[in-house]
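Close look at the chain arrangement
Chain residues, written in single-letter form:
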Amino acid sequence: MTNSKTSQWKSSRLFQTLGYFGVIPFIGSVKWLQKLFGQKTLLLADTSEVVLVVGANGGVGKRVVSRLLNRGYQVRSLVRDGKKARKVLPKNVEIVTADITQPETLTPEIFKDVSKIICCTGTRVQPPEGDTPKREKYSQGVKFFMPQVVEDPKLVEYEGMKNLVAAAKPQLQLGDNKILFDFKNPTQDLKETWGALDDVVMGGVSESSICLTDSGALFSGNVSTENSGGFVSVRTRNFDPPINLLGSAGIELRVKGDGKRYKFFLRCEDKWDGVGYSYSFDTVYNIWITIRIPFKDLIPVFRANVVENAQPFNPNQIYSYQLMLSKFEYNRGLNPKFAPGFFQLEVEYIKTYGCDQLPKFVLVSSAGVTRPGRPGLNLDEQPKIVQLNDQLKGLLNWKFEGEEVVRSCGIPYTVIRPCGMTEKPGGQALMFDQGDNIKGIVSRDDIAELCLKVLEEDRACNTTFEVKGDPENQVSPENWERLFNGLESDGKKSSLIV
Ligand SMILES: NC(=O)c1ccc[n+]([C@@H]2O[C@H](COP(=O)([O-])OP(=O)(O)OC[C@H]3O[C@@H](n4cnc5c(N)ncnc54)[C@H](OP(=O)(O)O)[C@@H]3O)[C@@H](O)[C@H]2O)c1
């Protein structure tokens, strides 16, 4: 039986809701949050986080830069030759010139707001007669040329790495977890930020509100399934500019609920009714608990239906947050802990976590760095780079020393060791290994893609691994999952440092 009192849909509430979120053009300013930032009224994250690509003019570096820009990252390119960079790199990228072998060129301005570094530098190796206009060295892995080093590998690979790490460390050690909303110590009327968004927008009659109490924010009200409704929520208005949560592993909430299952959403686009990235969590009746929402576990949904083939979640660009109690789970499945009627959820804070669980320094090194001089190794079966190590002035040994600088510096890192790299188009699945034993080839495109993947991958943190193309497999989320699941962190391995 429909209760006529509760099921009466109120158009005035719909207009109130839409007006609050700025959906009606003349109500609500999208610049409102900028104003709040200026007044330091809310404890919100610093939005300026930059990925610094070192060696950005190189074969891998330039591909990393393009990919980062395409995914909406703010990018700074460190190059030796600014003129070349303007030809090689996309127009809209910030370029800084420095030489990692000259520490005085690595000024603090270069590292300002930098939260991640991808280092793709390498000693120049070229045929003795010089590099050809076609840069034949890029065929390495397919066609062999007799190489020689043009620079001192100790200087570039080892001293250079020491200089880079020393200059970057003060900045990379910053960037701790951020309090996004400290509801216990608010300095601004909450209503400026969060507003109720209930099933009234679909014709329902549920009603919720959010207010401040001594212990935080209280989201409460009455949820009803009348008129085919069944959800209540509170959502922030769109942030302008969007919030950048790059560098965090996820969101942490401190909540006290009523035993029901709630959802938390993040949105990476400014649409009113677009894709949201959702995570369901259970509360415990009347007990404060801490919920962690890993970004990698977010489910892309459109009105509670899972969106297959949605864009991956983009932590660089968060437009809004939402807390919801819904009758539905996903794809018309029911929330097993839902009951209509009164509900309440208290929230003490919302913050990011895991800044130290994701790599901040990604080094593109090389397979083979531990092989020169390894007992029992049949040199004839090794890649040419290993056979020619002495001729290349110990290039691989110095690369290994450079890796060691990164592994021991205290900054969360990933060391990627590609096998022979080619200019072939990417899109091939990869194969990882640890222990420095494999040989093969891999596209620079795929190495660039891998560099981006590890930025958001906690399982890649503090790991060193070799990589080559894997023609037996397809690129797919499952394949990436399998690759990262198989990695062991360097702390647990003894076979790494030989
Ligand atoms: N070739 C292969 O098959 C292969 C296989 C496995 C691993 N690797 C390694 O993978 C990494 C990336 O390879 P890649 O093909 O992209 O190399 P690349 O095209 O030679 O690029 C290296 C970049 O590093 C820059 N660089 C060198 N010394 C520098 C310094 N002192 N300060 C600042 N920048 C400096 C170079 O600048 P300029 O443009 O000014 O010269 C160049 O842009 C390298 O470490 C390489 O050794 C290569």
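A quick note: this is a predicted structure, and the numbers were derived from the prediction, not measured.

This part takes up the side chain of Arg267. Here Arg267 shows up in strand 13 (residues 261–267). At 2.7 Å, the side chain of Arg267 and the side chain of Gln322 are in polar contact. In this view, Arg267 contacts Arg235, Gly274, Val275, Gly276, Gln317, Ile318, Tyr319, Ser320 and Gln322; residues no more than four positions away in its chain are not counted.

Take the confidence of the model for the protein chain next. Confidence in the prediction for the protein chain averages 86 pLDDT; 84% of positions are at 70 or higher. Low confidence marks residues 1–6, where pLDDT is under 50. Its contacts with residues over four positions away, or in another chain, come to 6 contacts. Scored below 50 in pLDDT, residues 23–47 makes 59 contacts in the model with residues more than four places away or belonging to other chains.

Another point: helix 3 (residues 59–70). Compared with the 16 Å implied by 1.5 Å per residue over 12 residues, the 17 Å span of helix 3 between its first and last C-alpha is a close match. Among the residues of helix 3, those classed as buried are Gly59, Val60, Gly61, Arg63, Val64, Val65 and Leu68. At its buried positions, helix 3 is contacted by strand 1 (50–54), strand 2 (74–79), strand 4 (114–119), strand 20 (361–364), strand 22 (420–422) and helix 8 (444–455). Trailing helix 3 by a residue or two, Gly72 shows a phi angle of about 90 degrees, which is positive.

Across its 12 residues, helix 8 extends 17 Å between first and last C-alpha, which sits within 8% of the 16 Å expected from 1.5 Å per residue. Where helix 8 is concerned, the buried positions are Arg444, Asp445, Asp446, Ile447, Ala448, Glu449, Leu450, Cys451, Leu452, Val454 and Leu455. Its side-chain oxygen at 3.0 Å from the backbone nitrogen of Asp445, Ser443 defines the N-terminal cap of helix 8.

Rules used in this analysis
- Residues numbered from 1 in each chain as written.
- Predicted model: local features only at pLDDT ≥ 70, side-chain atom pairs only at ≥ 80, totals over all residues.
- Heavy atoms only, no water.
- Helix = DSSP H or I, 4+ residues; strand = E, 2+ residues; numbered from the N terminus.
- Polar contact = N/O pair within 3.5 Å; in protein donor to acceptor, adjacent residues only side chain to side chain.
- Contact = heavy atoms within 4.5 Å.
- pLDDT = per-residue confidence, 0-100.
- Expected span 1.5 Å × (residues − 1).
- Buried < 20%, exposed > 50% of the residue type's maximum accessible area, 1.4 Å probe, protein only.

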